[in-house]
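These are the residues of each chain, in order.
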Amino acid sequence: TQLGWEGWASHLANIYQRRADVINRGFSGYNTSFYMQLPDETIFPGLTVSAGESKDPKCCLAILWFGANDAGLPGLADHHYVSLAEYRRHLSALIDRVQQTTGCTRILLLTAPPVHHEQRLAFQRKRYGDKATGKLERTLENTRLYAAACAQVAQERKVACCDLYTLMQKEKSWDTFLYDGLHFSSAGHSWLGTTVVDAIQTSFHELAVTADARTGQWGNSATICPLIPGNTEAPHHDEVDHRKIPEAFQLYKRAGAT
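Presented here is a report on the structure given in the accompanying data block.

Criteria and thresholds
Residues numbered from 1 in each chain as written. Predicted model: local features only at pLDDT ≥ 70, side-chain atom pairs only at ≥ 80, totals over all residues. Heavy atoms only, no water. Helix = DSSP H or I, 4+ residues; strand = E, 2+ residues; numbered from the N terminus. Expected span 1.5 Å × (residues − 1). Buried < 20%, exposed > 50% of the residue type's maximum accessible area, 1.4 Å probe, protein only. Arc of directions from axis to C-beta. Contact = heavy atoms within 4.5 Å. Pairing = 2+ DSSP bridges. Right-handed = clockwise from strand over helix to strand, strands pointing away. Core = buried A, V, L, I, M, F, W, Y, C linked by side-chain atoms within 4.5 Å. Axes fitted to C-alpha atoms, helices over the stretch in contact; angles between N-to-C directions.

## Description of helix α5 (residues 117–128)
And then number 1: An ideal rise of 1.5 Å per residue puts 16 Å on twelve residues; α5 measures up with 16 Å between its terminal C-alpha atoms.
And then number 2: Turning to α5, its buried residues are Q119, R120 and Q124. Down the axis, α5 shows its buried residues gathered within 140° of arc, on one side only. For α5, the exposed residues lying more than 90 degrees away from the buried face are E118, R125 and K126.

This is the structure:
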């Protein structure tokens, strides 16, 4: 999501710092139909695997999150609306595209989050004033159908899925996670970041990062991730003799080579 850098994507980048780079390729207002038209070099910068090339993917995890726009109601949100059947086909095609283009075998689908009706209507009145229709262009019930379709596609394609639609509604005062009935607030981003990380750790144990037990920090040398070791390109500062800086780095490179 384009707004991911306001919170949840930044949370991922913080946890995986010096292990993996988080590439966010969300586009504001896009549905699956729009996204399907983007070229590979836009969606997968530097991550494509050519035919015959070694299948050692640079992409260790792909997260696909579509549905909030697709679930717009026909007649009220025609610009965003994608039929349920077409949405399912597009999700499956995007899974194929990730696998074929990057060689990535770990895919996590996120369902659309719930819509808060009263908050959405209040935002509409605030934004459009007298021109507000007073009609919901997205509804909780219709979004539920798209969330269920996403989970079903994940099951059929044997990829992981995090059901944000259901999990979020289990939280007390979940409406505070949104600021306009649809998009995430600061509190929502915090919840979402934690929820996505939990989903990664549950579905892909090898990608789970354990924070430093002493400080709780994610980025120092005491953190652990089974698949992606930290500090792979430089020694920790405690390992550097300030009187012999070049030697410390040379020793580190030789040790790493063995």
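## Here's the deal with helix α1 (residues 8–15)
And then number 1: Taken as a whole, α1 has its buried residues at W8, A9, L12 and I15. Along the axis of α1, the buried positions cluster into a sector of 120°, meaning they face one direction only.
And then number 2: Residues of α1 that are buried make contact with β1 (62–65) and α8 (186–203).

## As for unusual backbone geometry
And then number 1: One non-glycine residue, K158, lies in positive phi territory at about 60°.
And then number 2: Along the chain, the position of K158 falls in the loop between α6 (140–157) and β3 (160–162).
And then number 3: We classify K158 as exposed; its relative accessible area is 76%.
And then number 4: Phi at S173 takes a positive value of approximately 55°, unusual for a residue other than glycine.
And then number 5: Assignment of secondary structure puts S173 in the loop between α7 (164–169) and α8.
And then number 6: Taking the relative accessible area as the measure of exposure, S173 reaches 41% and is therefore partly exposed.

## Details of the side chain of H189
And then number 1: With respect to the helices, strands and loops of the structure, H189 is situated in helix α8.
And then number 2: Judged by its relative accessible area of 7%, H189 falls in the buried class.
And then number 3: Those residues in contact with H189 that sit more than four places away from it in its chain are L3, G4, E6, G7, W8 and F184.

## So, the environment of A68
And then number 1: Take A68: it is sitting in the loop between β1 and α4 (84–102).
And then number 2: For the pair A68 and S50, spaced 18 residues apart in the sequence, the C-alpha separation amounts to 33 Å.
And then number 3: Other than its neighbours up to four places away in sequence, A68 contacts A112, R138 and L182.

## Some points on the pairing of strand β2 (residues 107–110)
And then number 1: Both faces of β2 are covered, namely the face carrying I107 and L109 and the face carrying L108 and L110.
And then number 2: The sheet contact formed by β1 and β2 spans four bridges and is parallel. The partner of L64 across the bridge, within β2, is L109.
And then number 3: Taking the sense of rotation as the criterion, the β-α-β connection linking β1, α4 and β2 turns out right-handed.

## Side note on the nonpolar core
And then number 1: Core analysis: the biggest nonpolar cluster contains 28 residues, and L108, F184, L192 and I200 have the highest contact counts within it.
And then number 2: Listing elements by their share of this core, those giving two or more residues are α1, β2, β3, α7 and α8.
And then number 3: If you tally residues by element for this core, the top one is α8, at six residues.
And then number 4: Each residue touching I200, except ones within four places of it in the same chain, is listed here: L12, Y16, L61, I63, L108, H205 and L207.
And then number 5: Judged by nonpolar contacts, the second largest core, of 25 residues, contains Y35, I107, A154 and V159.

## Brief notes about the sheet that holds β3
And then number 1: The sheet built from three strands is open, its strands ordered β1-β2-β3 with parallel pairing. Sheet topology places β1 and β3 at the edges, where each strand pairs with a single neighbour. Taken over all neighbouring pairs, the strand axes of this sheet differ in orientation by 25° on average, direction set aside.
And then number 2: Pairing geometry for β2 and β3, over three bridges, is parallel. If you follow L109 over to β3, its bridge partner there is C161.

By themselves, these are just geometric observations and shouldn't be taken as functional.
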